[in-house]
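Report on the structure
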Amino acid sequence: MGDIEIVFKNIIRIKAALPEVKHVAMFYNNGTIFQTTFEQEINIPKLGENLAKVLKHIRKLYEICNYNFEEYKKIIFETDDMSIIILKLGEDSNIALFFRKEEEKELKLTAIKRYITRIEELIDMDEGELIIQDIIAREEEIKHLKEELHEKKEKIEKLSTEFKNIEEGIIEGDKKKISKEINDLDLECVNLNHNIEKNDSEITQLKEKIEKNHK
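First, a word on scope: everything that follows refers to the structure included in this document. (Residues numbered from 1 in each chain as written. Predicted model: local features only at pLDDT ≥ 70, side-chain atom pairs only at ≥ 80, totals over all residues. Heavy atoms only, no water.)

**Description of a negative patch on the surface**
On the surface, Glu139, Glu140, Glu141, Glu147, Glu148, Glu151, Glu154 and Glu157 cluster together into a negatively charged patch. Along the chain, glutamate 140 falls in helix 4 (residues 127-164). According to the relative accessible area criterion, glutamate 140 is partly exposed, its value standing at 36%. (Patch = residues over 30% accessible without salt bridge, like charges linked within 9 Å, V, L, I, M, F, W, Y side chains within 5 Å. Areas by Shrake-Rupley, 256 points an atom, 1.4 Å probe, with all protein chains shown as cover. Salt bridge = Lys/Arg side-chain N within 4 Å of Asp/Glu carboxyl O. Lys, Arg positive; Asp, Glu negative; His and termini not counted. Charge placed at Lys NZ, Arg CZ, Asp CG, Glu CD. Helix = DSSP H or I, 4+ residues; strand = E, 2+ residues; numbered from the N terminus. Buried < 20%, exposed > 50% of the residue type's maximum accessible area, 1.4 Å probe, protein only.)

What follows is the structure, encoded as structure tokens:
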């Protein structure tokens, strides 16, 4: 099965089972959208950022009220023409469903409960595929990180060669400028390597989870 087919299979299944769903967005706790039906004409990164802020503000609200906040299960927000339901997927992932009210003036609570039950059933059936999607997203992130790391290392090599071949009469300030740029790039490379290792470790954990679920 191809990566694109795997990525969109869950959303297609949800929309087929629940025609009332206008849009779907799957996102990490940090606000990264990894699967959505929204098109590029809207600001996808901003969408993810604000969905993540909803979770952050709810957590903060619990803290202010001295309520125990472990892990949320669902958040429901209704207006006259739209309803948004946010559900917890995995440890670091969530799904937001956008319902447009067309036939009914109000989306009754019983209907919402029915939708949530159906969605949770669909999600439970596809837990393995959701983990696979997570792995694919992290592998793609590693690919981009390695490309960026390669570019920075090439730049460091170029600057280092330039620094070694400097004429004796060059202004000392220029030497310091090049040296600082090299040091800054070295630090960025360290951070990129750290992020690559972190993603590699998380992919290993996700693969172990798949193996455990199949035992």
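**Some details on unusual backbone geometry**
Residue asparagine 66 is not a glycine yet carries a positive backbone phi of 60°. Here asparagine 66 is to be found in the loop between helix 2 (44-64) and strand 3 (74-78).

**Structural notes on the pairing of strand 5 (residues 93-100)**
Looking down a regular strand, the side chains alternate between one sheet face and the other. Of all eight residues in strand 5, seven are buried; the element is thus mostly enclosed. Both strand 1 (residues 21-28) and strand 5 contribute to a ladder of seven bridges, which runs antiparallel. Its bridge partner being in strand 5, alanine 25 is matched across the sheet by alanine 96. As defined by bridge partners, strand 4 (residues 82-88) adjoins strand 5 across seven bridges and the pair is classed as antiparallel. Paired with isoleucine 86 across the strands is alanine 96, a residue of strand 5. Hairpin connection of strand 4 to strand 5: four residues between the antiparallel strands. (Pairing = 2+ DSSP bridges.)

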